[in-house]
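Chain and residue survey
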Amino acid sequence: MSDAQQITESTSEVPSQEAAGPAPVPLLTPREGVPPVVADEAALDAVVSALAEGSGPVAVDAERASGYRYGQRAYLVQLRREGAGTSLIDPVACPDLSALGEAVSDAEWVLHAATQDLPCLRDIGMRPTRLFDTELAGRLAGFARVGLGVMVETVLGYSLEKGHSAVDWSSRPLPDPWLRYAALDVELLVDLRDALEEELGHQGKLEWALEEFAAIAAAPPPPPRKDPWRRTSGVHKVRRRRQLGVVRELWEARDETARRRDLSPGKVLADAAIVAAAQAMPKDTRTLAALPGFGHRTNRRQLQQWQAAIDRARELPEEELPQTAQPPQGPPPPRAWAERDPVAAARLTAARAAVTAHAEELRMPQENLLTPELVRRVCWEPPADGGPEAVGAALRALGAREWQIGQTAGLLAKALSES
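How each quantity is defined
Residues numbered from 1 in each chain as written. Predicted model: local features only at pLDDT ≥ 70, side-chain atom pairs only at ≥ 80, totals over all residues. Heavy atoms only, no water. Helix = DSSP H or I, 4+ residues; strand = E, 2+ residues; numbered from the N terminus. Contact = heavy atoms within 4.5 Å. Areas by Shrake-Rupley, 256 points an atom, 1.4 Å probe, with all protein chains shown as cover. Lys, Arg positive; Asp, Glu negative; His and termini not counted. Charge placed at Lys NZ, Arg CZ, Asp CG, Glu CD. Axes fitted to C-alpha atoms, helices over the stretch in contact; angles between N-to-C directions. Left-handed = near helix turned anticlockwise from the far one by under 90°. Nonpolar A, V, L, I, M, F, W, Y, C, P; charged D, E, K, R; others polar. UniProt positions renumbered as here; feature names shortened; annotations may be inferred. Buried < 20%, exposed > 50% of the residue type's maximum accessible area, 1.4 Å probe, protein only. Pairing = 2+ DSSP bridges.

This part covers the overall build of the protein. A count of helices and strands for the protein gives 21 helices and six strands. Within the protein, contacts between residues at least 6 apart in sequence are counted, and of these 67% link residues at least 24 apart. Of the roughly 21,700 Å² that the protein leaves accessible, carbon and sulfur atoms contribute 50%. On the protein, the mean spot of the 48 positive side-chain charges and the mean spot of the 59 negative ones are 12 Å from each other.

So, in structure tokens, the structure goes:
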């Protein structure tokens, strides 16, 4: 009997809530126990062989150390495949997993929130050619909550352990409870995939989901973000160009330090401290030390480092200071439309209403039916021929998938023509 059949039979025997109230949800435990962590080439070779000889989809997950370490590298990789069981791999000890990626290259990879894990998996040589994203599948199927634990409980009737998602996965050795938590993340991932595939098929959405998954698998790595310092939390409080120069200099100094020390930038200097320093523009380390975030834990050398960054910004020529706003890319913020172009604002209102209403009919989030950015772009610069084919071509040029075009081009064309 397959695992999926076991789950179906066990949950089908639960009495209805109307008759007996909510049934207790069983806590999931690893079927084969928690495997040892693979941390050398010999053990890795054995895992590669086992996974290559396995069958069916392969469940894949990765644990990062966000908030503790610099960047988004993987500190644990979990895989599970029928016939091979679960494997836990230490990518610090085994940094090149390209052989592992090749061993399962012909398989469909099952991930939850794939776009979060794919960048760190690519960095260690693992790139899927086909995938199934259970989080995105849940969104398309209309589930209100799509976290892995909630989905496993709602769809399969099992409760996953909680409490270790935000721990420091760069720690060594990893405690047994953390490893059990990690192993459980892939324990029922393929079963969840199968159940969601069936549900999407019932709803007539399976082809849409497969198109989405193919787009994720084929997408190239995103280009480096322009002016990443502008994402400093609270930067909107900084109004003057000279002060923005301080934000930029402090951000870059912090980033260099964080990279060198392999620490999360927030552990080196908080965003709030950067903003406070930009607003105050302190002229010496004594004044700087009195600001929030630069208190008794900041030693003299660090204070000098931050003050040097502030001084650099103070001495920059005017033409080298950052602008208060980035050059416009795409349509202006919707709040400005009514004043700048009332006709476009009316188009946007009508189009938003049409897309939102159709998303509700399909029982999926509006942003999954068509992103707000695409709606804004079409409404700001609609095609000269406002018919469905022209609108569809415009959406296609902007990156919309064919299923999205099929579902929205007609209703957008109608909204554009009537507004």
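Read on for the rest.
Moving on: the packing of helix α6 (residues 134-141) against helix α10 (residues 206-218). At their nearest, the axes of α6 and α10 sit 10 Å apart, and the two run at 145 degrees to each other. Where α6 crosses over α10, the handedness of that crossing is right-handed. Within the contact between the two elements, α6 uses L136, A137 and L140 and α10 uses A209, E212, F213 and I216. A class-by-class count of the residues in the contact of α6 with α10 yields six nonpolar, no polar and one charged.

The UniProt record marks residues 240-320 with the feature "domain: HRDC" (unreviewed entry), using the residue numbering of this structure. Between the first and last C-alpha atoms of residues 240-320 the distance is 13 Å; the span itself is 69% helix and 0% strand.

Burial analysis of strand β2 (residues 55-64) places seven of its ten residues in the buried class, which makes it a mostly covered element. Taken together, the two bridges between β2 and strand β5 (residues 108-111) define a ladder with parallel strand orientation. Bridged to V58 within β5 is W109.

In this section: unusual backbone geometry. Most peptide bonds are trans, and most residues other than glycine sit at a negative phi. The residue after R172, namely P173, is reached through a cis peptide bond having omega -5 degrees. With respect to the element layout, P173 can be found in the loop between α7 (148-156) and α8 (176-187). In the Ramachandran plot, A113 falls in the positive-phi region, its phi being about 60 degrees despite a non-glycine side chain. Counting through the fold element by element, A113 comes out in the loop between β5 and α5 (114-123). Phi at D227 takes a positive value of approximately 50 degrees, unusual for a residue other than glycine. Considering the arrangement of structural elements, one finds D227 in the loop between α10 and α11 (241-261).

It is a general feature of regular strands that their side chains alternate between the two faces of the sheet. Burial within strand β3 (residues 74-82) is extensive, with eight of its nine residues counted as buried. Bridge analysis of β2 against β3 gives eight bridges, and the strand direction is antiparallel. When the sheet's bridge partners are listed, S55 is paired in β3 with E82. Sheet topology places β3 next to strand β4 (residues 85-89); five bridges connect them, and they run antiparallel. Residue Q78 lies in a different strand from β4, and its bridge partner there is L88.

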